[in-house]
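Given next are the chains, with one letter for each unit.
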Amino acid sequence: MEYLTVKEAGEKWGIGSRMVTLYCAKGRIKGAVKKGNLWLIPADTPKPKDMRRKASEK
């Protein structure tokens, strides 16, 4: 199984590495594993939804 680093996943998904780290720490990325000081993310994992905003209701 191939893994991506936080930086590589951020570039792939178009978000910052800090946001990817927060997703990993909160358990929002399925299969992410922490090895020492490094998060390893499975290469085929989709980008998690951004749950910070609600859709406007009209």
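Placed above this text is the structure.
Parameters at a glance
- Residues numbered from 1 in each chain as written.
- Predicted model: local features only at pLDDT ≥ 70, side-chain atom pairs only at ≥ 80, totals over all residues.
- Heavy atoms only, no water.
- Pairing = 2+ DSSP bridges.
- Helix = DSSP H or I, 4+ residues; strand = E, 2+ residues; numbered from the N terminus.
- Buried < 20%, exposed > 50% of the residue type's maximum accessible area, 1.4 Å probe, protein only.
- Contact = heavy atoms within 4.5 Å.
- Core = buried A, V, L, I, M, F, W, Y, C linked by side-chain atoms within 4.5 Å.
- Arc of directions from axis to C-beta.

Chemist: Can you break down the sheet that holds strand 1 (residues 3-4) residue by residue, with the values?
Modeler: Remark on secondary structure: sheet strands pair via backbone hydrogen bonds, oriented parallel or antiparallel. Spatial ordering of the open sheet is given by 1-3-2, a layout of three strands whose pairing is antiparallel. Edge positions in the open sheet fall to strand 1 and strand 2 (33-35), since each of these has one partner strand only. Sheet analysis places strand 2 next to strand 3 (residues 38-42), joined by three bridges and oriented antiparallel. Note on strand 3: the bridge partner recorded for K35 is L38.

Chemist: Tell me about the environment of C24, residues and numbers included.
Modeler: Mapped onto the secondary structure, C24 falls in helix 2 (residues 17-25). Owing to a relative accessible area of 4%, C24 belongs among the buried residues under this scheme. Distance from C24 to T45, taken between C-alpha atoms, is 12 Å for residues 21 residues apart in sequence. C24 has contacts with I29, A32, W39 and I41, leaving out every residue within four places of it along the chain.

Chemist: Describe in detail the pairing of strand 3, supporting the description with residues and values.
Modeler: Counting buried positions along strand 3 gives four out of five residues, so the element sits mostly inside the fold. Sheet topology places strand 1 next to strand 3; two bridges connect them, and they run antiparallel. Note that in strand 3 the partner of L4 across the bridge is I41. Connecting strand 2 to the antiparallel partner strand 3 that follows it, the hairpin turn spans two residues, and G36 within it adopts a positive phi of roughly 70°.

Chemist: I'd like a rundown of the nonpolar core, residues and numbers included.
Modeler: Counting 10 residues, the largest nonpolar core is built from L4, V6, A9, W13, V20, Y23, C24, I29, W39 and I41. Where this core is concerned, the elements lending two or more residues are helix 1 (6-13), helix 2 and strand 3. Those residues in contact with A9 that sit more than four places away from it in its chain are L4, V20 and I41.

Chemist: Residue-level account of helix 1, with values.
Modeler: Residues of helix 1 that are buried: V6, A9, G10 and W13. Angularly, the buried residues of helix 1 cover 100° about the axis, an arc narrow enough to put them on a single face. For helix 1, the exposed residues lying more than 90 degrees away from the buried face are K7 and E11. Turning to helix 1, the residues buried within the fold contact strand 1, helix 2 and strand 3. Taken from the residues just after helix 1, G14 is the one with a positive phi, measuring 75°.

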